[in-house]
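# Architecture and fold: a report
Chain residues, written in single-letter form:
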Amino acid sequence: MTNLNSHNIVNHIEDIFNRRGAESYLGEDVTMSQHMLQAAQCAKKSGADDSLIVAALLHDIGHYQNEIPETALAKGKNNYHEEAGANFLEDYFPLSVVEPIRQHVATKRYLCAVRPEYFELLSAASIDTLNLQGGPMSSEEVIEFEKNDYLEECIKLRYWDEDAKDSNRICPSFSYYRALIESLVKN
Ligand SMILES: [Fe+2]
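Attention shifts here to the packing of aromatic side chains. All chains considered together, the criterion is met by five aromatic pairs. Seen in terms of ring centroids, Phe17 and Phe174 are 4.7 Å apart; in terms of plane orientation they differ by 45°. Their pairing is tilted. Of the two residues, Phe17 sits in helix H1 (residues 9–20) while Phe174 sits in the loop between helix H11 (151–163) and helix H12 (178–184), which places them 157 residues apart along the sequence. Just as Phe17 is buried, Phe174 falls in that class too. Note on Phe88 and Tyr92: the rings are 6.2 Å apart at their centroids and 75° apart in plane angle, and the pair reads as edge-to-face. Assessed through its relative accessible area of 1%, Phe88 is described here as buried.

Here's what the structure looks like:
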């Protein structure tokens, strides 16, 4: 893997989408790239700010662990995909992008605990992984989770994550977001 820096990181991410995007997404009808592009489209349509659009676009990048430098993976305790993705992206993007990504699995557990109607939105595959991920949060975990500075953003991203699984939906490609992503890269 070439050495990554703030000048080539967006190329690297685009390359991952191009080479790996067609891979399937955890038992869903959409591919990985369809899923992330649809999540970004949901964010854009909702009038989300640029950071949250990019968070939606990149939220599952951690599924491609062999595209992530060892140095980023070494930061993780268990390298679940949300943690791997966030540890990778935090060197290049602000917390407003990284934190909703880091918390997107925890947010599913949170919403299952506090909003019973949210559970109805989960796909069968997402219910399966929920159980592996620890199930709904306990009340102590809920209190702790609500301290997150990006709680609202985390919740929004999670709803788009559930919504972004429609195999018939047409949405803009990665290049549509390219300038937006570039504008958020830290120097
Ligand atoms: Fe997702």
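Let's shift gears to the coordination of the iron ion. The textbook angles at a metal center are 109.5 degrees for a tetrahedron of four donors and 90 or 180 degrees for an octahedron of six. At this site the iron ion is bound by His35 (NE2), His59 (NE2), Asp60 (OD) and Asp161 (OD), with donor distances of 2.2 to 2.3 Å. Taken together, the four donor atoms surrounding the iron ion define angles of 79 to 169° at the centre, an arrangement classified as irregular. Each donor residue of the iron ion belongs to the same chain, with the gaps between them written as H-x23-H-D-x100-D. Linking His59 in the loop between helix H3 (50–58) and helix H4 (70–73) with Asp161 in helix H11, this pair joins segments that are 102 residues apart in sequence. For His59, a relative accessible area of 0% gives the class buried.

If charged atoms from side chains of opposite charge come close, those side chains can pair. For the structure on display, the rule yields 18 salt bridges. With a closest N to O distance of 2.9 Å, Glu67 and Arg19 form a salt bridge. Of this pair, Glu67 sits in the loop between H3 and H4 while Arg19 sits in helix H1; the two residues are 48 residues apart in sequence, bridging distant segments of the chain. Residue Glu67 is classed as buried on the basis of its relative accessible area of 9%. Since its relative accessible area comes to 46%, Arg19 is described here as partly exposed. In this structure, the salt-bridge partner of Glu28 is Lys165, at a minimum N-O distance of 3.3 Å. Within this pair, whereas Glu28 is found in the loop between H1 and helix H2 (32–45), its partner Lys165 is found in the loop between H11 and H12, the two being separated by 137 residues in sequence. Like Lys165, Glu28 is buried.

A few words on the layout of surface pockets. In this model, the largest pocket occupies a volume close to 500 Å³. Every residue lining the largest pocket is counted, 26 residues in all, and those nearest its centre are His81, Glu82, Val105, Ala106 and Gln133. Broken down by secondary-structure element, the contributors of at least two residues to the lining of the largest pocket are helix H5 (81–89), helix H7 (104–114), helix H9 (124–132), helix H10 (139–145) and H11. For the lining of the largest pocket, the element with the highest residue contribution is H7, accounting for five residues. The residue makeup of the lining of the largest pocket, split by class, is nine nonpolar, seven polar and ten charged. The computed volume of the second largest pocket comes to approximately 220 Å³. The wall of the second largest pocket is formed by Lys75, Lys77, Asn78, Tyr80, Glu82, Glu83, Asn87, Arg102 and Gln103. By residue number, the principal contributor to the lining of the second largest pocket is H5, which donates three residues. Considering only residue class, the lining of the second largest pocket consists of one nonpolar, three polar and five charged.

Rules of the game
Each residue is numbered by its place in its chain's sequence as written, counting from 1. In keeping with the model being predicted, local features are shown solely for residues with a pLDDT of at least 70 and side-chain atom pairs are shown and tallied solely at 80 or more, while totals for entire chains, interfaces and linings include all residues. With hydrogens and water stripped out, all remaining heavy atoms of the structure feed into the side-chain values. Stacked, tilted and edge-to-face are the three classes assigned to paired rings of Phe, Tyr and Trp, where Trp is represented by its six-membered ring and a pair needs centres within 6.5 Å; plane angles under 30 degrees give stacked, over 60 edge-to-face, the rest tilted. A run of H or I in DSSP counts as a helix once it spans at least four residues, and a run of E counts as a strand once it spans at least two, with each numbered from the N terminus. Note on classification: 1.4 Å probe, protein chains only; a residue is buried when its accessible area is under 20% of the maximum for its type, exposed when over 50%, partly exposed between these limits. Metal donors: N, O and S atoms at distances within 2.8 Å, or within 3.2 Å for Na, K and Ca, with water omitted from the atom set so that some sites may seem incomplete. Any coordination sphere not matching a tetrahedral pattern (four donors, all angles between 85 and 135 degrees) or a square planar or octahedral pattern (four or six donors, opposite donors over 155 degrees apart, other angles between 65 and 115) is reported as irregular. Think of a salt bridge as a Lys or Arg side-chain nitrogen and an Asp or Glu carboxyl oxygen that are within 4 Å of each other. Detection works on a 1 Å grid of protein atoms alone, calling trapped sets that fit a 1.4 Å probe cavities and calling open sets with protein on both sides within 12 Å along at least five of seven lines pockets, with lining residues defined by an atom within 4 Å of a point. Grid points are joined across faces, edges and corners, and a volume is the space filled by probe spheres set on the points. Lys, Arg, Asp and Glu make up the charged group, whereas Ala, Val, Leu, Ile, Met, Phe, Trp, Tyr, Cys and Pro make up the nonpolar group; the residues left over, Gly among them, are polar.

What is shown is where atoms sit, not what they do.
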